[in-house]
Amino acid sequence: MLKRLLPLTAAALLLGVAPVLAAGEVTYVVNNESATYDPSTTTETFALPVIGATFEGLVKYAPDGSVVPALAEKWEVSEDGLTYTFHLRADAKWSDGKPVTAGDFVYAWKRVLTPAAGAKNAPVLYALAGAEDYYKDQTKDNLAVKAIDDQTLQFTLKTRLAYMLQLLPFSVFDPARQDIVDANPEGWTRDPKTYIGTGPFRVTEFNFGKSTVLEKNPNYYNAAAVSLDKLTFRLVPDPATALAAYEAGDVDGIEAVPGPEIPRLSSADGNGFLVVPALGTTYAFFNPNQKPLDDVRVRKALSEAIDRQNIIDFVLQTADQPALGLVPPGINVDGEDFRTGTSEFGLAPTAEVDDAKTLLADAGYPDGKGFPETVFMTYTSPPVEKTLEAIQQMWKQNLNIDVKIQASEWQVYYPEVQKQQFQIAQMGWGADYPHPMTFLDNFTSDSANNLAGWKNADYDKLITDAKTTNDPKASLDDMRKAEALVMDNMVILPLYYRNNYMMMKPYVKGFWRSPLNQPYFDAVTVEK
């Protein structure tokens with residue numbers, strides 16, 4: 001039987017800060033690595049461990065989910081809720097010892113809003129007055145962001161945004177050093193000498209394909225509270241191999257546990273097994289511009305023919321939940337969970353076989369006859385590939401169709417998906433900030449993360465209205481209507497709302513992992 005899911009604060013408490021500080025080293029296994037660790041431009045969850053350890057912005061999250069000071073020691077918000085003024089710490093420094101200035105934020109945000117930089121999350125900054133115009137034309141520089149002096153940053157929103165402070169810990173708002181980036185725009189994040197950050201650690205080695213090694217950053221404003229001398233992120237793609245290394249004592253923590261091992265690990269005490277809630281939805285993109293997925297009836301048939309509960313129980317063997325929508329549970333707006341009272345869009349935890357067969361027949365493929373060759377693309381990952389194989393079998397059994405699975409390494413796979421040269425592509429999304437908009441923004445017509453290439457003017461308007469209204473209930477209603485458009489058009493194949501299942505040695509104290517999937521090591525001590 002699985003242990004109860006630990007709320008974020010409980011997970012942090014379980015691994016509470018040790019009474020006696022002791023320097024040490026921690027090796028933490030990750031299953032994937034990113035092609036770039038640029039906090040301004042990346043959208044890859046795989047980059048989070050390194051970016052989170054080496055960069056901080058104006059504010060950050062505390063273990064209880066609250067927003068607390070980071071590089072800014074204080075701030076004020078105008079009475080109309082539009083203008084924010086942040087005051088940087090006098091001891092805020094880059095890892096090479098140079099002071100962090102308000103101008104570093106101005107430069108970073110303008111870079112995000114420059115299309116040539118390739119920042120996939122640039123629309124997040126559209127909350128700033130003049131940002132969208134600046135992104136479309138850099139000659140129209142009415143961006144309402146300015147450095148009043150080296151330690152004072154001020155920006156103005158185009159309209160009040162109730163969750164602005166929750167947005168600011170997102171790495172797209174981190175500062176950047178113009179001298180570093182301009183000297184090597186494509187390679188500065190791949191060389192320890194130029195990967196200059198503002199966080200508690202700094203990179204000493206990039207061993208791509210093997211590991212990333214970090215050390216304590218002596219120039220961090222709170223360096224006195226950082227105990228670890230060395231932090232290694234070791235790359236082990238196979239979770240089973242990672243678990244074997246953990247149980248042999250070769251590593252101190254692993255970010256993921258193989259599904260079949262969860263029942264065994266969860267039933268034992270003192271082994272460091274943790275279940276951490278995650279604000280994430282695993283899904284695949286349907287490409288509505290590729291046959292046979294250009295017919296919504298086909299997309300709905302494929303989605304209804306899947307037994308999600310079976311996948312969770314027998315393939316993943318986890319405590320995840322079947323996903324019947326885009327936005328996961330656990331995100332509150334105005335005191336109400338987004339999922340409360342929402343539609344299930346014709347889906348169910350188990351397969352709706354009869355309805356799926358009818359939809360496929362109506363689309364011109366009775367009992368699967370004449371169904372065109374279809375490929376389900378994915379990145380190389382044993383758990384993901386097993387999930388897709390189960391889906392492949394369900395489609396064969398329930399719809400009598402054959403779908404091919406094609407797997408490739410992430411560095412090859414993701415660029416192909418970005419070109420939208422696929423029929424079905426495995427993906428998903430983990431929240432960048434604790435608000436439904438982190439999921440919904442991805443499906444606007446101009447979003448770089450809209451990998452399905454789906455465009456809907458009504459959807460775009462609902463998202464704009466949800467952001468600009470001062471009425472939280474009206475905003476929630478608009479966001480729910482927007483999600484319904486995505487789901488009624490079956491732009492995605494939702495699979496499951498996920499949790500994180502991991503291991504951390506009990507002698508590692510002070511570690512915590514947020515629902516945004518960010519591991520934190522700044523308060524870690526080692527008590528062997």
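Please refer to the structure placed before this passage.
Notes on the structure follow. (Residues numbered from 1 in each chain as written. Predicted model: local features only at pLDDT ≥ 70, side-chain atom pairs only at ≥ 80, totals over all residues. Heavy atoms only, no water.)

### A closer look at the overall build of the protein chain
1) Next: Secondary structure assignment for the protein chain yields 16 helices and 24 strands.
2) Next: The C-alpha radius of gyration of the protein chain comes to 23 Å, within 12% of the 24 Å expected for a compact globule of 528 residues.
3) Next: Counting only C-alpha atoms and orienting by the principal axes, one finds that the protein chain spans roughly 70 × 60 × 45 Å.
4) Next: The buried share among the 528 residues of the protein chain stands at 56%.
5) Next: Sequence-distant contacts, at least 24 apart, represent 69% of the contacts inside the protein chain between residues at least 6 apart.
6) Next: Counting only carbon and sulfur atoms, one obtains 49% of the accessible surface of the protein chain, whose full area is about 21,100 Å². (Helix = DSSP H or I, 4+ residues; strand = E, 2+ residues; numbered from the N terminus. Rg over C-alpha atoms; globule rule 2.2 N^0.38 Å. Buried < 20%, exposed > 50% of the residue type's maximum accessible area, 1.4 Å probe, protein only. Contact = heavy atoms within 4.5 Å. Areas by Shrake-Rupley, 256 points an atom, 1.4 Å probe, with all protein chains shown as cover.)

### A few points about the pattern of salt bridges
1) Next: Across all of its chains, the model carries 21 salt bridges by this definition.
2) Next: The salt bridge involving E247 is made with R264; its shortest N-O contact spans 3.1 Å. Separated by 17 residues along the polypeptide, E247 in helix α7 (residues 239–247) and R264 in helix α8 (residues 262–266) bring together distant segments of the chain.
3) Next: With relative accessibility at 45%, the residue E247 sits in the partly exposed group.
4) Next: Put simply, D96, K98, R177 and D179 are held in one network by salt bridges that share partners. (Salt bridge = Lys/Arg side-chain N within 4 Å of Asp/Glu carboxyl O.)

### Examining the packing of helix α9 (residues 296–304) against helix α11 (residues 353–362)
1) Next: The interhelical angle for the contact between α9 and α11, taken along N-to-C directions, is 155 degrees, at an axis separation of 8 Å. Between α9 and α11, the angle falls in the class roughly antiparallel. Of the two elements, α9 crosses α11, and the hand of that crossing is left-handed. Taken together, the residues of α11 that come into contact with α9 (itself represented by R297, V298, K300, A301 and E304) are V353, D355, A356, L359, L360 and D362.
2) Next: Across the contact of α9 with α11, the residue classes break down as six nonpolar, no polar and five charged. (Axes fitted to C-alpha atoms, helices over the stretch in contact; angles between N-to-C directions. Parallel < 35°, antiparallel > 145°, perpendicular 65-115°, else oblique. Left-handed = near helix turned anticlockwise from the far one by under 90°. Nonpolar A, V, L, I, M, F, W, Y, C, P; charged D, E, K, R; others polar.)

### Section: the pairing of strand β1 (residues 24–30)
1) Next: Among the seven residues that make up β1, six are buried, leaving the element largely enclosed by the rest of the structure.
2) Next: As defined by bridge partners, β1 adjoins strand β10 (residues 228–235) across seven bridges and the pair is classed as parallel. Note on β10: the bridge partner recorded for V30 is L235. (Pairing = 2+ DSSP bridges.)

### Topic: the pairing of strand β16 (residues 374–379)
1) Next: Counted residue by residue, β16 has six buried out of six residues, so it is predominantly covered.
2) Next: Both β16 and strand β18 (residues 424–426) contribute to a ladder of two bridges, which runs parallel. Within β18, the residue paired with F376 across the bridge is I424.

### Considerations on helix α10 (residues 308–316)
1) Next: Along α10, the residues classified as buried are R308, I311, I312 and L316. Axial view of α10: buried residues confined to an arc of 95 degrees, hence all on one face.
2) Next: On its buried face, α10 sits against α9, β13 (321–322), α12 (382–399) and β20 (492–504).
3) Next: Two residues or fewer past α10, Q317 is found with a positive phi of approximately 55 degrees. (Arc of directions from axis to C-beta.)

### Regarding the environment of V486
1) Next: Its place among the elements puts V486 in helix α16 (residues 472–488).
2) Next: Taking the C-alpha atoms as reference points, V486 and W454, 32 residues apart in sequence, are found 9.0 Å from one another.
3) Next: Residue contacts for V486: discarding those within four places in its chain leaves F443, W454, Y459 and V491.

### Quick look at the nonpolar core
When a protein is soluble and globular, its nonpolar side chains tend to lie buried together.
1) Next: Grouped together as the largest cluster of nonpolar side chains are 158 residues, with contacts concentrated most on W109, F155, M164, F173, W395, F443 and F521.
2) Next: Counting 15 residues, the second-largest nonpolar core is a separate cluster that includes L243, I254, V257 and V275. (Core = buried A, V, L, I, M, F, W, Y, C linked by side-chain atoms within 4.5 Å.)

### Considerations on the sheet that holds strand β6 (residues 145–149)
1) Next: An order of β4-β5-β7-β6 is seen for the four strands of this open sheet, with the pairing classed as antiparallel. Every interior strand has two partners, whereas the edge strands, β4 (72–77) and β6, have only one. On average, adjacent strands in this sheet sit at an angle of 20 degrees to one another, irrespective of strand direction.
2) Next: Alignment of β4 against strand β5 (residues 83–88), held across five bridges, turns out to be antiparallel. Bridge pairing in β5 links V77 to Y84.
3) Next: Packing against the sheet, helix α3 (residues 102–112) makes contact with β5, β6 and β7 (152–156), and its axis sits at approximately 165 degrees to β6.

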